[in-house]
Every structure is written in C-alpha cells, then in structure tokens.
Amino acid sequence: MKVGMISEPGKLVLYLELEEDDRPAPTDKYQIGKRIITTIFPEDFDPEDIHPDLLGLSCILICEPFIGTRITLPKPVSKHFYEGHKKVTSRYTIANVDEKLKPRKIDSDYVPGLAFSGGVDSTAALSVMPHNTVPVFLDRPLNGRSMYNKDAAYNSCNEVSRLGYNMNIIQCDLEYARKPVGFPVDVANSVPAILMADYLRLDSIAFGTIMESSYGLGHKNYRDYPNGNHYTHLGGMFESAGIPFNLPVAGISEIGTSIIVEKSPIGFIAQSCMRGIWKSPCQNCWKCFRKLILDAAIEDENMDNDTITRLFNNKEAMRFVSGIPIKHENVLTWATNKLKIDNELFSLLKKRVRGDTHSFPWMNKWFPDSEIVLHEKYGDEIKHNIARYLETMTEEECEYLREWSMEDMINSEQTALDRDNLVSNMKDHIKSHQ
Ligand SMILES: [Zn+2]
C-alpha cells in the first residue's frame, strides 16, 4: 500500500494506492471503497504541520485491513514510531523511516482529547472526563442512500460547545474507504483528532468504548482486554505515535453509561438513535428498542400497554432478537429482570434473555480492573467522577465478570425454542399492526 497526500491550508487529501500483494477484499464482509480521502480543517490549520507520526498513524487506521506486507506513508516516520509499530504489528511493516526525525513532544499543559459521537457512550465518557477535554466529532459527508440523520449529532455538538467545551466538528469521508461504508478500524473515528493533536494540544485520545466491547461482556466469553490484541496492537501504535489511549468507560457497561447520562448535567445532549431528529428518536430501530427497555428499568418505570405495543412493532428489533446471543443481550437480561410487566410479548422476551432467572446486580457498577486503561495523568480525576454516578464492583462481583460466559445459554436447545417462540409472536404482532 502506498499513501500519498496533497494539501492546502484547511484541507488534506490522501490517496490510497494498492500494490500487488495488498488485500482489496480482506474478508467476504467488506472490501476497499473510495481511495481518495478528504478531511476539511479550520482555515488556519496547515496539514503540512502535522507530525509525520500522527499522519502515519492516521493513514494506517484508514487502510490497515487492506495492507499486504508493507505500507509507504506520505512522509517518513520517526524511528521511535517505526520501532513501536513493529513491536505490536506482525503482518506488515512501515517502508519509510526518517532516522533524524524526533518523536512527537507533549507539553505538561496539553489537554485530553475525545473522539465524540453524540451518542450515550461518548457522552458518558465526556461526563466523567476533566472539564478541559476537547471533543472532536468526525462529520461524515452523506451520500443519498444513507438512513443516518445528522440532525441529532449536530445538535449534541452545538450543546457541547454552548456548555463551554472546545468542540470541533471535522468533515472527513474516511468511512467510504470501506465498502460497505464504515470504519476500516474501529478507532479510526479518532483520525481527525489525531491529525489535529498538535493544533489542539492533545496529550491523549479518549473513546467511548464500553465494557461490552472491551472486556467482552455480553459476548460468548470474558476477554482480558488490556492483554488482548486490540489494546496491545492499536493502543501500542497510538502510544508510540505520542497520542496514547484513554478509555474512561471501558469498565462500564451500556447500563452504566445510560445511568451516567441520566444523572450527569451534560447527559441531556446524548442521543443513541442515528435516524431520528434531535430529541425525537425514530422508535423504529434496534437502538431505540433497547433504549426504551433499559431507560424504563433504570428509572424504575413500568411501560403501559400502548408503549409495549409500539415497542414490539419494530422489524429491525425482530431481526436482532432472533440472534443467539442477541447483541448486548446482557443489557436486556438486566433490564427485563427489573421490570414487572404483564404482557405476553414482553414475557417471551424476558424468558429468551433469561431475565426471569438472572438479575446480574453487578452489571451497573464500575469494574476497577479497568483503571489500567485510563491515561495516567487523568486516572484519579476520572475514577473520582465515575464514583459520583456508579458503585464499584466488589472483588466477588469482579470475579463474576471475569467468569462471564454465554456458552451454555448459546448451546442450549431451550434458547432456540424460546427464540422461535418470541420471533413468531413478534412477527404476528408486526403483521397485525401494519
Ligand atoms: Zn431509532
């Protein structure tokens, strides 16, 4: 892979050029898409000033899945980044190094950055981070076919700015480098923040990565995240580029981030639905389905029959609940267990996700092992802020998490029966409400 660049003040264009041993279709799920990636910055920002290591890291995040055995970056990187990258990457190497280039320098008065999306998880992250945190929103230019509605995200950003944060909205089309559209590497949503790290004086970059994605909660088995591939490989690259990871909500489940957003003074800006407009979620997608149930459980409110009827009249949710396990099933178990609702569909869902027999009382608490993935400079402040909203798991509760496994449930015939029962009833329900 070769990446070239052309820039002018306020604009950077990257060109991806495939070489013979590259992988234009790394899996049967996706392939390389657009090969010209444009980022628009404030006018007074000259992309020529970007440290080559930050530029190199950004290019890698855009094209890593498609790289064969080596990548040539637009500018040679420092030996420090080259070595650091090599230590955590076995599949390919960086082709161009400048032995004389000094690594990126961070001053003591630099501030924390956050890859901000306007959703619940990144709002929870912002809620527990220092007040001088700089949120950066990657603004994907839309093409005609998308169902994604940016109204809510723009409003969230405007509120964040109004609350006094140095909020940055940066247009970047890197998600089109992949077909179907999406981030080639999950943390590529931080590319605008990385490119602007010196301009914004950032010493680290935070993500709204929650415990489901880090430690594998709600997945088949617990994952020792700090020693796993994601943290060592990607975290290692960020560290050697001089912009280390900071994962303030990695020890918090989706239940916990929803509680934080519920209680925090800035929580009102969060919206999880990508389709509805500001303060008016679509009520028709999988995120809306999960959120309605979870919020009712958090607020200890029961749902009336009209709400339940509307809740289950959701085709996308029907598709998701037919999975085994269901994506973020743990959240549904915790929430349905708390809710006492006399309704057949709700009871079928509750039975399918084991909310009738499992309560998981530790799942709304903070996992203290995750302290290790907080940036050292901000660790104490973040822990202190988390404690304002959530209890900390006891050692016994930590052990429940470390022993997390859904294998028995996944392999049980009863689960498949419960699923079939739920899905066929939901299908009839949707049909009768068309
Ligand atoms: Zn929705």
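Bear in mind the structure is a predicted one, so any value in this text is a computation, not a measurement.

Conventions adopted
- Residues numbered from 1 in each chain as written.
- Predicted model: local features only at pLDDT ≥ 70, side-chain atom pairs only at ≥ 80, totals over all residues.
- Heavy atoms only, no water.
- Buried < 20%, exposed > 50% of the residue type's maximum accessible area, 1.4 Å probe, protein only.
- Helix = DSSP H or I, 4+ residues; strand = E, 2+ residues; numbered from the N terminus.
- Contact = heavy atoms within 4.5 Å.
- Polar contact = N/O pair within 3.5 Å; in protein donor to acceptor, adjacent residues only side chain to side chain.
- Donors = N, O, S within 2.8 Å, 3.2 Å for Na, K, Ca; no water.
- Tetrahedral: all angles 85-135°; square planar, octahedral: opposite > 155°, others 65-115°.
- Domains from an automatic or database assignment.
- Buried area = accessible area lost by both parts, 1.4 Å probe.
- Nonpolar A, V, L, I, M, F, W, Y, C, P; charged D, E, K, R; others polar.

Peer 1: Please explain helix α8 (residues 254-263) as it appears in this structure.
Peer 2: Every α-helix winds through 3.6 residues per turn, so residues three or four apart in the chain are directed the same way. Counting buried positions over the ten residues of α8 gives eight, a clear majority of the element. Regarding α8, the residues found buried are E254, I255, G256, T257, S258, I259, I260 and V261. Buried positions along α8 lie against α3 (120-128), α6 (211-214), α9 (286-298), α12 (329-338) and α14 (379-389). If you check the start of α8, you find a side-chain oxygen 3.1 Å away from the backbone N of I255, and it comes from S253.

Peer 1: Teacher, can you tell me more about the coordination of the zinc ion here?
Peer 2: The expected angle between donors at a tetrahedral four-coordinate metal is 109.5 degrees. At an octahedral six-coordinate metal it is 90 or 180 degrees. Around the zinc ion, the protein contributes the donor atoms C273 (SG), C282 (SG), C285 (SG) and C288 (SG), which lie 2.3 to 2.4 Å from the metal centre. Here the zinc ion binds four donor atoms, and the angle range of 103 to 118° at the metal identifies the geometry as tetrahedral. Of note, the zinc ion draws all its donor residues from one chain, in the sequence arrangement C-x8-C-x2-C-x2-C. A residue pair is termed long-range when its members are at least 10 positions apart, and C273 in the loop between α8 and α9 and C288 in helix α9 qualify at 15 residues.

Peer 1: I would appreciate a short explanation of the domain arrangement of the chain in the present structure.
Peer 2: A common measure of how large an interface is: the accessible area buried when the components associate. Split into domains, the chain comes out as domain 1 (2-102 + 109-246) and domain 2 (283-360 + 404-432). Centre-to-centre separation of domain 1 and domain 2, based on C-alpha positions: 34 Å. In this complex, domain 1 contributes nine residues to the contact, which on the side of domain 2 involves eight residues. Between domain 1 and domain 2, a total of about 780 Å² is buried, with carbon and sulfur atoms accounting for 56% of that surface. The three residues of domain 1 that bury the most area against domain 2 are E212, G218 and K220, which together make up 52% of that side's buried surface. Linking domain 1 with domain 2 are six residue pairs in polar contact (both at pLDDT 80 or more), by the criterion used here. In the side of domain 1 that touches domain 2, the residues fall into three nonpolar, four polar and two charged.

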